[in-house]
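Working through the structure, step by step
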Amino acid sequence: MKNWWVLLIMSWSIFCVGQEQRLNVVLIITDDQGYGDFGFTGNPLVHTPHLDELASQSIFATQYYVSPVCAPTRASLMTGRYSLRTGVRDTYNGGAIMDSAEVTIAELLRAEGYATGIFGKWHLGDTYPSRPIDQGFDEALVHLSGGMGQVGDVTTFFEGDSSYFNPVLWNNGVPEQYQGYCSDIFAEGAIAFIRQQGDQPFFCYLSFNAPHTPLQLPASYYEKYKDIDPSLLANESIEMTERDKEDARRVYGMVENIDDNLGKLMDELKRSGQWDNTVVLFMTDNGPQQLRYNSGLRGLKGTVYEGGIRVPLLMRLPNGKEGRKMESPIAHLDILPTIADLLGISLPDQLQLDGRSIVPLLEGVKDKWLDRPFLSYWTRRFPEKYQNISLHQGPYKLVGHTDYDAEVSDFELYDLSEDMGERNNIVGEHPGIAIDMKAQMDKLLPDLLESMRTEADPFIAIGSAHENPVWLNRNDASGERGIWAQDEIYGFWEVKAEKGCYELEIKMRSIPAESGSVLVEMGEQVFRKKVDFEGVDTVVLPPICVEAFEGPLLVQFWSGGRQVMPFWVRINYIED
């Protein structure tokens, strides 16, 4: 259940504000854009004039940490809590659905009278009760799952190399066709949302899916970079394959397109008189997926090295004129409490946040919480003990790429104050520090896993009045590791179903060559139906009537000894 009592406690202050103008918040995040993909971080090849100007007027957090991959970052960003506490443990495999009981930034601000809108990527659940419109957003123009053109986005996957153009997107839970390039569409939606608010305070979450793969971009932007050699820079050279170079050219074009769109958004804020009344935050969700210039940081997306988890954070405060750097280590966990602090919103202790407001740091006050341990990990499904895991505390960072029973000497220890590139492993020189940090890791990881077991309960609701029909996609399916677009793979969906009858439309990735039967397991209730796809890739089953249940929903096509998982299932609830 949602912590509605928390939201009620929050909402009292709206009556105390009177006629005082309240601050707006624009939170911008890009996808797979690394630390080095900006002019203001030292890249001479990519053109980001609008972001460079924003940096000159902002507080630039140079040690800002996120998760190694996108869904965990977004869960922590929205809630101020480690993603495992929210039920988000993966980017797919059923692990990118956030528990509906979590309280998001959007819910907190909507309780304070703010208009709330999201434009772009959500990646925390595509079905009720975890959609953005269920988690505090009044307006939501989004794509599904982790990326357009990916298996979970049932409306763009089959578009292939054109999935970023003229897409079908989800407008407040309803699929609609749009014209144009996806980043332009999302930015235009955000600008229209801001323009519509008038005097009402707003929270605008502009969450670009670019420059995530597939690396599709308008031809005019590709033309600007098609002849550059991304491996040659004024201050260093990078060993890159021809594929790396071509990917970098495309990424830089996508980045410049984002920059142009942000220029338009900032122009709208200025035109409407909201610029000096708006907190603007810009960040990215993790490091780059492909090899290219990354400001000397080690590692890419998915790793716990700095190149995977350290990204720029720009925070422009109202009436901010001159930029400055803040080198204190902070994290995505701190954004929610910081926004609340800037807006004068008191947060109840019952929210049990892992993050803290950085406002004292902005005011020059050092605090002991800067030495808090920050845990990062990335492995599929659940954390693997001491595999791709790190703990950052103070200037030191302990990294594990070793066995579950490893000795401290098998870990890596870095002093980031002197070795930002993580080239000099000093674990042998400072075993005492490594032992203490490993003890912190051994304490924090079990706590997070236990909170996931006791607090988080993500599920997909079917038979609900809030959403019907429901699309069950591959991104949200649990089952074998690496479940993606394969045919013969075991997968199912964790659902909470109302009593009643359900019509299942089953979509196969390709047309089955022969007839067979469909096996449906809904909890402990099992059904089988002979089917013949007869030259099409979709079949609709007669209604299946079941008692209410909570548990796995499995659908398989059995034919010639093969057991094939559908690409998606659209399930329509029919009352008794």
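About the thresholds
Residues numbered from 1 in each chain as written. Predicted model: local features only at pLDDT ≥ 70, side-chain atom pairs only at ≥ 80, totals over all residues. Heavy atoms only, no water. Helix = DSSP H or I, 4+ residues; strand = E, 2+ residues; numbered from the N terminus. Buried < 20%, exposed > 50% of the residue type's maximum accessible area, 1.4 Å probe, protein only. Contact = heavy atoms within 4.5 Å. Areas by Shrake-Rupley, 256 points an atom, 1.4 Å probe, with all protein chains shown as cover. Lys, Arg positive; Asp, Glu negative; His and termini not counted. Charge placed at Lys NZ, Arg CZ, Asp CG, Glu CD. Axes fitted to C-alpha atoms, helices over the stretch in contact; angles between N-to-C directions. Parallel < 35°, antiparallel > 145°, perpendicular 65-115°, else oblique. Nonpolar A, V, L, I, M, F, W, Y, C, P; charged D, E, K, R; others polar. Phe/Tyr/Trp six-rings, centres within 6.5 Å; stacked < 30°, edge-to-face > 60°. Lys NZ or Arg CZ within 6 Å of the ring centre and 35° of its normal. 1 Å grid on protein atoms, 1.4 Å probe; cavity = no way out; pocket = protein on both sides within 12 Å on 5 of 7 lines; lining within 4 Å. Points joined across faces, edges and corners; volume = space filled by probe spheres on them. Disulfide = S-S within 2.5 Å. pLDDT = per-residue confidence, 0-100. Pairing = 2+ DSSP bridges.

On to the overall build of the protein chain. Summing up its helical and strand segments, the protein chain has twelve helices and 27 strands in all. Seen through its C-alpha atoms, the protein chain measures out along the principal axes to roughly 70 × 60 × 55 Å. Counting all 576 residues of the protein chain, 62% fall into the buried class. Sequence-distant contacts, at least 24 apart, represent 71% of the contacts inside the protein chain between residues at least 6 apart. Carbon and sulfur atoms make up 48% of the accessible area of the protein chain, which totals about 22300 Å². Put simply, the protein chain has 50 plus and 84 minus side-chain charges, and the middle of one group is 0 Å from the middle of the other.

Orientation of helix α6 (residues 182-196) relative to helix α8 (residues 242-271), taken along the N-to-C sense of each, is 10°, at an axis distance of 10 Å. By the angle between their axes, α6 is roughly parallel relative to α8. The segment α6 lies against α8, with S183, D184, A187, A190, I191, I194 and R195 engaging N257, I258, N261, K264, L265, E268, L269 and R271. For the contact of α6 with α8, the residue count by class is seven nonpolar, three polar and five charged.

Here we come to the packing of aromatic side chains. For the coordinates displayed, the defined rule picks out 25 aromatic pairs. Aromatic side chains Y386 and F411 sit 5.1 Å apart centroid to centroid with 75° between the ring planes, which places their arrangement in the edge-to-face category. Taken together, the residues span a long stretch of sequence, with Y386 in the loop between β12 (374-377) and β13 (387-393) and F411 in the loop between β14 (396-401) and β15 (412-415) at a distance of 25 residues. There is no split in this pair, since Y386 and F411 are both buried. Put simply, the rings of Y35, F38, F40, F60 and F282 pair up and form one aromatic cluster. The ring of Y222 is capped by R250, whose NZ or CZ atom sits 5.0 Å from the centre of that ring. The positively charged end of K507 is found above the aromatic ring belonging to F158, 4.8 Å away from the centroid.

Bringing the layout of surface pockets into the picture now. Empty space within the second largest pocket amounts to approximately 410 Å³. In this structure, the second largest pocket is lined by 18 residues; those nearest its centre are R89, G94, F382, P458 and E494. Those elements that place two or more of their residues in the lining of the second largest pocket are α12 (431-454), β18 (478-479) and β19 (491-497). When its residues are assigned to classes, the lining of the second largest pocket shows eight nonpolar, four polar and six charged.

Attention shifts here to the state of the cysteines. Cysteine pairs can be covalently joined through their sulfur atoms, and such a bond is termed a disulfide. For the structure on display, the rule yields one disulfide. Across the disulfide, C501 is cross-linked to C545 (sulfur-sulfur distance 1.9 Å). Its S-S torsion of about 95° marks the bond between C501 and C545 as right-handed, since a negative value means left-handed. Of the two residues, C501 sits in strand β20 (residues 500-507) while C545 sits in strand β24 (residues 544-546), which places them 44 residues apart along the sequence. C182 takes part in no disulfide bond, and the closest cysteine sulfur to it belongs to C70, at a distance of 15 Å. The exposure class assigned to C182 is buried, which follows from its relative accessible area of 0%. Note on C204: no disulfide assigned, nearest cysteine sulfur contributed by C182 at a separation of 16 Å.

Our focus in this paragraph is empty space enclosed by the protein. Counted by the stated rule, this structure contains five cavities of 30 Å³ or more. Of the pockets and cavities examined, the largest cavity occupies roughly 170 Å³. In this structure, the largest cavity is lined by 15 residues; those nearest its centre are D126, R131, L144, W170 and G173. Listing elements by their share of the lining of the largest cavity, those giving two or more residues are β4 (139-142) and β17 (470-473). Taken as a whole, the second largest cavity encloses approximately 130 Å³ of empty space. S67, Y82, S83, L375 and Y377 are, among the 15 residues lining the second largest cavity, the residues nearest its centre. Listed by contribution, the elements that provide at least two residues to the lining of the second largest cavity are α3 (70-79), α4 (83-86) and β12. Here the lining of the second largest cavity takes four residues from β12, the largest share from any one element. The residue inventory of the lining of the second largest cavity, partitioned by class, reads ten nonpolar, five polar and no charged.

Residues of the protein chain with pLDDT of at least 70 account for 96%, and the chain-wide mean is 93. This model gives residues 4-19 a pLDDT under 50, and the stretch forms 24 contacts once residues within four places in sequence are excluded.

With respect to the helices and strands, E256 occurs in helix α8. Judged by its relative accessible area of 8%, E256 falls in the buried class. Aside from chain neighbours lying at most four places away, what touches E256 is H47, Y221, K224 and Y225.

A word on the environment of L361. Following the sequence through the fold, L361 ends up in helix α11 (residues 359-362). Take L361: its relative accessible area is 6%, and that puts it in the buried class. Between the C-alpha atoms of L361 and M326, which are 35 residues apart in sequence, the distance is 8.2 Å. L361 has contacts with M326, S328, I330, K366, W369 and L370, leaving out every residue within four places of it along the chain.

This paragraph deals with the sheet that holds β15. Spatial ordering of the open sheet is given by β12-β13-β14-β15, a layout of four strands whose pairing is antiparallel. Each end of this open sheet is capped by a strand with a single partner; those strands are β12 and β15. On average, each strand axis in the sheet is inclined to that of its neighbour by 15°, with strand direction left out of account. Docked against the sheet, α12 engages β12, β13, β14 and β15, running at close to 110° with respect to β13.

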